[in-house]
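# Residue-level structural notes
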Amino acid sequence: MRGLVTLAGVALTGLALTGCGGTPVSDTPTSPTATPATSAPSSSAPPSATPTLSKAQKQAKAAQAKVLAYLALFDDLYGDPSRSINELYDVSRGKAQEDSANTIRWARNRGYVGKGGLRVTPLSAKAKGPGKWVVTVCTDRRGAQTVDKNGDPVPAASGASEKLKRQMEVEKAKDNGRLYVITDKVVATSC
Amino acid sequence: MLMVVRLGLAVVLGAIGVPGLLAGPAQADPVSCTPQAASQGLCTITVTDPGDGSGGGSEGDGTGTSGSESGTGGGGGCRLDGVPVPCGNGTGGVWSNSRQCYLTAVSDYPADGPVWGGHTTGGVYACFLNGSPDMVWLPDGAAGGPPPPPNPADLAQEAVSSMTLRAVRIGIVPEDTPGKVGLIGLPTWMWVDDPGAHTLGPITRSASAGGFSVSATAKVKKVVWKMGDGTNVVCRGAGTVYRDSFGATESPDCGHTYTRDGRYTVTATTYWQINWEGMGQSGTIPMNLSRSTTITMGEAQVLVQ
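Because the structure is a prediction, the values reported are computed rather than measured. (Residues numbered from 1 in each chain as written. Chains lettered and ligands numbered in written order. Predicted model: local features only at pLDDT ≥ 70, side-chain atom pairs only at ≥ 80, totals over all residues. Heavy atoms only, no water.)

### Quick word on the overall build of chain A
Along chain A, the regular secondary structure elements total two helices and eight strands. For chain A, the α and β elements follow one another from N to C terminus as β-β-α-α-β-β-β-β-β-β. In chain A, buried positions account for 54% of the 191 residues. A separation of at least 24 residues holds for 69% of the contacts in chain A among residues at least 6 apart in sequence. Summed over all atoms, the accessible surface of chain A reaches about 7800 Å², with 52% contributed by carbon and sulfur. (Helix = DSSP H or I, 4+ residues; strand = E, 2+ residues; numbered from the N terminus. Buried < 20%, exposed > 50% of the residue type's maximum accessible area, 1.4 Å probe, protein only. Contact = heavy atoms within 4.5 Å. Areas by Shrake-Rupley, 256 points an atom, 1.4 Å probe, with all protein chains shown as cover.)

### Examining the side chain of Arg 105 of chain A
All names here are of chain A. By the element assignment, Arg 105 lies in helix 2 (residues 94-109). Classification of Arg 105 as buried rests on a relative accessible area of 4%. There is a polar contact of 2.7 Å between the side chain of Arg 105 and the side chain of Asn 102. (Polar contact = N/O pair within 3.5 Å; in protein donor to acceptor, adjacent residues only side chain to side chain.)

### Here we look at unusual backbone geometry
Glycine aside, negative phi is the norm for most residues, and most peptide bonds take the trans geometry. All names here are of chain B. Residue Pro 174 is reached from Val 173 by a cis peptide bond, and omega for that bond is 10°. Tracing the backbone shows Pro 174 in the loop between strand 11 (170-173) and strand 12 (182-183). The peptide bond linking Gly 201 to Pro 202 adopts the cis configuration, its omega dihedral lying at -5°. Position of Pro 202 among the secondary structure elements: in the loop between strand 13 (187-192) and strand 14 (203-209). For Gln 100, which is not glycine, the phi torsion reads 60° and is therefore positive. For Gln 100, the position within the fold is in the loop between strand 7 (94-96) and strand 8 (101-105). What makes Gln 100 buried here is its relative accessible area of 1%. In the Ramachandran plot, Met 279 falls in the positive-phi region, its phi being about 55° despite a non-glycine side chain.

### Comments concerning the sheet that holds strand 17 (residues 255-257) of chain B
All names here are of chain B. Read from one edge to the other, the open sheet built from three strands follows the order 11-13-17, with strand pairing classed as antiparallel. A strand with exactly one partner marks an edge of an open sheet, and here the two such strands are strand 11 and strand 17. Looking at each pair of strands side by side, their axes are set apart by 20° on average, direction ignored. Two elements, strand 11 and strand 13, share four bridges in a ladder whose sense is antiparallel. Each bridged residue has a counterpart across the sheet, and for Gly 171 the counterpart in strand 13 is Trp 191. (Pairing = 2+ DSSP bridges. Axes fitted to C-alpha atoms, helices over the stretch in contact; angles between N-to-C directions.)

### Overview of the sheet that holds strand 9 (residues 123-128) of chain B
All names here are of chain B. Read across the open sheet, the four strands follow the order 7-8-9-10; overall the sheet is antiparallel. Every interior strand has two partners, whereas the edge strands, strand 7 and strand 10 (134-138), have only one. Neighbour-to-neighbour, the strand axes of this sheet turn through a mean angle of 40°, independent of strand direction. Judged from the five bridges that link them, strand 9 and strand 10 form a sheet pairing that is antiparallel. Each residue of the ladder has a partner; that of Tyr 125, found in strand 10, is Val 136.

### Describing the pairing of strand 4 (residues 119-129) of chain A
Residue and element names in this part refer to chain A. In terms of residue burial, strand 4 counts as a mostly covered element, since 10 of its 11 residues are buried. Relative to strand 5 (residues 132-140), strand 4 runs antiparallel, the two being bridged by nine bridges. Note on strand 5: the bridge partner recorded for Ala 127 is Trp 133. With antiparallel pairing between neighbouring strands as the criterion, strand 4 and strand 5 make up a hairpin whose turn holds two residues, including Gly 131 at a positive phi of roughly 70°.

### Looking at the state of the cysteines
On inspection of all chains with the given rule, the structure shows four disulfides over all chains. Disulfide pairing is shown between Cys 138 of chain A and Cys 191 of chain A; the S-S distance is 1.8 Å. On the S-S bond that ties Cys 138 of chain A to Cys 191 of chain A, the torsion sits near 65°, and the link is right-handed. Of this pair, Cys 138 of chain A sits in strand 5 while Cys 191 of chain A is found in the segment after strand 8 (179-188), placing the two residues 53 residues apart along the sequence. Given the relative accessible area of 4%, Cys 138 of chain A is considered buried. Cys 191 of chain A sits in the partly exposed class, given a relative accessible area of 27%. Between the sulfur atoms of Cys 235 of chain B and its disulfide mate Cys 254 of chain B the distance is 1.9 Å. The sign of the 85° torsion about the S-S bond sets the Cys 235 of chain B-Cys 254 of chain B disulfide as right-handed. With Cys 235 of chain B in strand 16 (residues 232-235) and Cys 254 of chain B in the loop between strand 16 and strand 17, the pair connects residues that are 19 residues apart, well separated along the chain. Taking the relative accessible area as the measure of exposure, Cys 235 of chain B reaches 1% and is therefore buried. (Disulfide = S-S within 2.5 Å.)

Okay, structure coming up:
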């Protein structure tokens with residue numbers, strides 16, 4: 001486990017969370033800091049003064065945690081060809097899973113491997129409907145690099161943004177009650 | 001290359017930097033740019049945000065569709081990064097352009113396995129090219145699913161049909177024209193009057209479908225002449241065309257001698273051996289084609305050839 005996702009400068013409890021039907025408390029990105037890389041984000045880091053979260057806020061927080069786990073897992077699989085792409089099914093379904101699997105497969109077919117990891121800044125988590133949330137994050141690839149089978153860096157596409165604002169939909173599965181990231185899309189090339 | 005990603009109300013235009021990345025399951029087009037790839041800098045997505053700040057809205061379909069698919073991404077058939085690859089891997093795997101791997105149905109995948117993703121229909125497939133396969137779920141008959149491979153025997157039949165094989169035109173002395181009568185006791189000569197690839201072979205044709213191809217070669221093994229008097233004459237070749245200079249000699253390779261007068265229906269049947277192979281299989285197709293004519297044999301006082 002490379003622990004590729006760096007949760008930048010924010011604890012989950014400090015995120016902009018909102019319950020069903022509410023508006024986000026904040027949609028302002030937290031400024032990235034030089035926070036050392038961590039493993040998959042955890043919600044266990046206790047702030048000095050733990051606020052009391054409503055049920056809706058807790059659910060949104062769980063959805064956000066799922067997104068971060070999903071991004072961390074992607075980085076792990078992208079960087080370690082020996083691991084099974086099937087692991088994506090633990091955290092994602094639908095198009096998010098499919099696109100992730102296709103991208104990793106695409107890279108593996110060419111001998112590409114990811115080094116380092118994305119720096120992820122959670123921006124917001126909003127309830128979208130029953131059992132569904134929309135989580136927005138900012139990803140920063142400045143700490144990540146794709147290398148080819150010779151270990152040489154694969155140049156980034158011309159004009160590729162270093163930061164992308166990505167929005168993911170998290171859904172509570174009816175068949176097992178677990179949360180899954182089901183869609184993942186880029187909504188802005190800066191954040 | 002350009003890509004358009006529908007994103008709720010937002011319009012997202014993308015300049016693809018990496019061919020071969022994939023779109024949604026309904027997209028046969030293998031050229032797209034996923035958010036995951038874009039985040040790694042492997043391709044470029046330019047977003048035009050209407051600025052409503054919501055970003056959420058309708059999820060749309062989030063599916064990338066390619067605009068101009070040029071260069072290595074173009075072309076039909078089975079392709080990996082635009083380079084043609086076999087559509088079958090010889091072990092039942094079928095190439096998926098959208099997945100960039102060979103798909104093989106996994107019939108014994110557990111019903112409660114995670115790959116089902118809550119689906120109760122469709123099927124689970126192993127997706128592999130190099131290394132260990134991963135598993136994917138595909139809906140029944142979905143556009144994103146692997147097309148069923150053609151039946152190679154059907155393709156072989158198609159190849160055979162394209163050969164336009166036909167029965168031989170009969171060459172025979174005595175001739176089968178009114179007034180011509182053969183003499184009892186003198187040899188009858190038979191030959192194929194129109195020898196060629198379509199009547200005797202060999203002839204090879206191929207048929208393709210869905211990126212698969214089968215090749216078939218047809219050749220006549222023998223020509224069996226039913227002489228109408230209960231005799232079957234088997235000739236291995238086309239026979240020899242009779243010339244007047246041959247007189248009353250016997251055909252060197254395909255002849256018969258009638259012993260009774262009468263009208264005889266002579267039937268020439270070509271027996272074909274058709275071998276086909278493709279898609280990791282092979283087989284043979286039996287075929288025979290016949291044509292008949294009628295000759296008259298008479299006593300010595302009758303005019304002969």
